[in-house]
Amino acid sequence: MGRKSKLRSLFSVVGIILYGVIAGVIVFFTSIAITGSFGVEVSFEEIGSVELILSLIATQIGLLISAGTWLAYSEKGKEFVKVRYPSGEGLKLAGIATVGLFVFVLSLEFISTLLEIQPPANEITEQATVSPELISVLIVLNWVLVAPAEELLFRGVIQSRLKIDFDVKWAIFLTAVIFTSIHVPNVAGFTSGLIIPLMIWFTAGVVLGYVFEKTESIVTVIIIHGVYNTAIFLFLFIETFVL
């Protein structure tokens, strides 16, 4: 694995991400034009429920377009991204990984509270507290679009692509870094508290990458991702509308 091949691999991955971002922007503005034709106004000054949903859908479709385009161009099939159902052992590992991830997140939040470190607001979770109906929509989108799209691109395509030229540990690490960076725009403001979500996203990326390699199943990491996001939204629902 020479230096040139590793650089080619990194440039390829950067290109995949940029392509996905550009595709997402195009889909977003197209969706604005379509919804506008039906009399639905979209504001660029203030993010509301409509803007959040359109942005989320467009972003994830952009990731799917990028993943699909690369797979088609490189003539890679479903075996490359390991599209297969998890085994019993795989599901067991998924359960352990999910519980471990929650323990880490809760521990981190407890420590940040003791140290009085305030994480910046997350645009998605902030908007999710507007109404229980919106939380329901976000949970559905999480399973139908978000978890499948992000895992297909990051673990299925990017991590698998990096693994061609890098050791598997480096592939997991680099993918987790990219996975973390792509989520940064979700936060409002860059404060010292940004370290909290950065640590959560990076740890989640490493856990998902490890499970993906151990189980050789993209479905397994989609399940973990889906369960984690659903739990976050359910917690917000209980905290906001029940307690």
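Above this text is the structure in question.
Now for a quick tour of the structure.

With that settled, consider the overall build of the chain. The secondary structure content of the chain amounts to 8 helices and 0 strands. The linear arrangement of helices and strands in the chain, starting from the amino end, is α-α-α-α-α-α-α-α. By its C-alpha atoms, the chain is 50 × 50 × 35 Å across when sized along the principal axes. By the burial criterion, 44% of the 243 residues in the chain qualify as buried. Sequence-distant contacts in the chain: of pairs separated by 6 or more residues, those separated by 24 or more amount to 81%. Accessible surface computed for the chain: about 13,100 Å², of which carbon and sulfur atoms make up 69%. Here the chain contributes 14 positive and 19 negative side-chain charges, whose respective centroids are spaced 21 Å apart.

Counting across every chain of the model gives 4 salt bridges. The partner of R161 in a salt bridge is D165, with the nearest N and O atoms 2.9 Å apart. Of this pair, R161 and D165 are both found in helix α5 (residues 132–165), 4 residues apart, which corresponds to roughly one turn of the helix. Between K163 and E213 there is a salt bridge whose closest N-O contact spans 2.8 Å. Of the two residues, K163 is situated in helix α5 and E213 in helix α7 (residues 195–215); the sequence distance between them amounts to 50 residues. With relative accessibility at 27%, the residue K163 sits in the partly exposed group.

This brings us to α5. In this model, α5 (34 residues) spans 46 Å end to end at C-alpha, consistent with the 50 Å of a helix rising 1.5 Å per residue. If you look at α5, its biggest bend is around 55 degrees, right at N142.

Inspection of the secondary structure puts L236 in helix α8 (residues 218–242). Residue classification places L236 among the buried positions, given a relative accessible area of 11%. Between the alpha carbons of L236 and A128 there is a distance of 7.6 Å; along the sequence they are 108 residues apart. Apart from residues lying up to four places away in sequence, L236 is in contact with T125, A128, T129, I135 and F241.

What follows deals with the side chain of N229. The topology assignment puts N229 in helix α8. Judged by its relative accessible area of 17%, N229 is buried. Looking at N229, its side chain comes within polar contact range of the side chain of N142, at 3.0 Å. Setting aside chain neighbours within four positions, we find N229 in contact with N142 and V146.

Core analysis: the largest hydrophobic core is formed by 27 residues, its most contacted members being L153, F154, V157, I158 and L162. The element contributing the most residues to this core is α5, with 6 residues. Those residues in contact with I158 that sit more than four places away from it in its chain are V13, I16, I17, L153, T175 and I178.

Conventions adopted
Residues numbered from 1 in each chain as written. Predicted model: local features only at pLDDT ≥ 70, side-chain atom pairs only at ≥ 80, totals over all residues. Heavy atoms only, no water. Helix = DSSP H or I, 4+ residues; strand = E, 2+ residues; numbered from the N terminus. Buried < 20%, exposed > 50% of the residue type's maximum accessible area, 1.4 Å probe, protein only. Contact = heavy atoms within 4.5 Å. Areas by Shrake-Rupley, 256 points an atom, 1.4 Å probe, with all protein chains shown as cover. Lys, Arg positive; Asp, Glu negative; His and termini not counted. Charge placed at Lys NZ, Arg CZ, Asp CG, Glu CD. Salt bridge = Lys/Arg side-chain N within 4 Å of Asp/Glu carboxyl O. Expected span 1.5 Å × (residues − 1). Bend = angle between axes of the 7 residues up to and from the residue. Polar contact = N/O pair within 3.5 Å; in protein donor to acceptor, adjacent residues only side chain to side chain. Core = buried A, V, L, I, M, F, W, Y, C linked by side-chain atoms within 4.5 Å.

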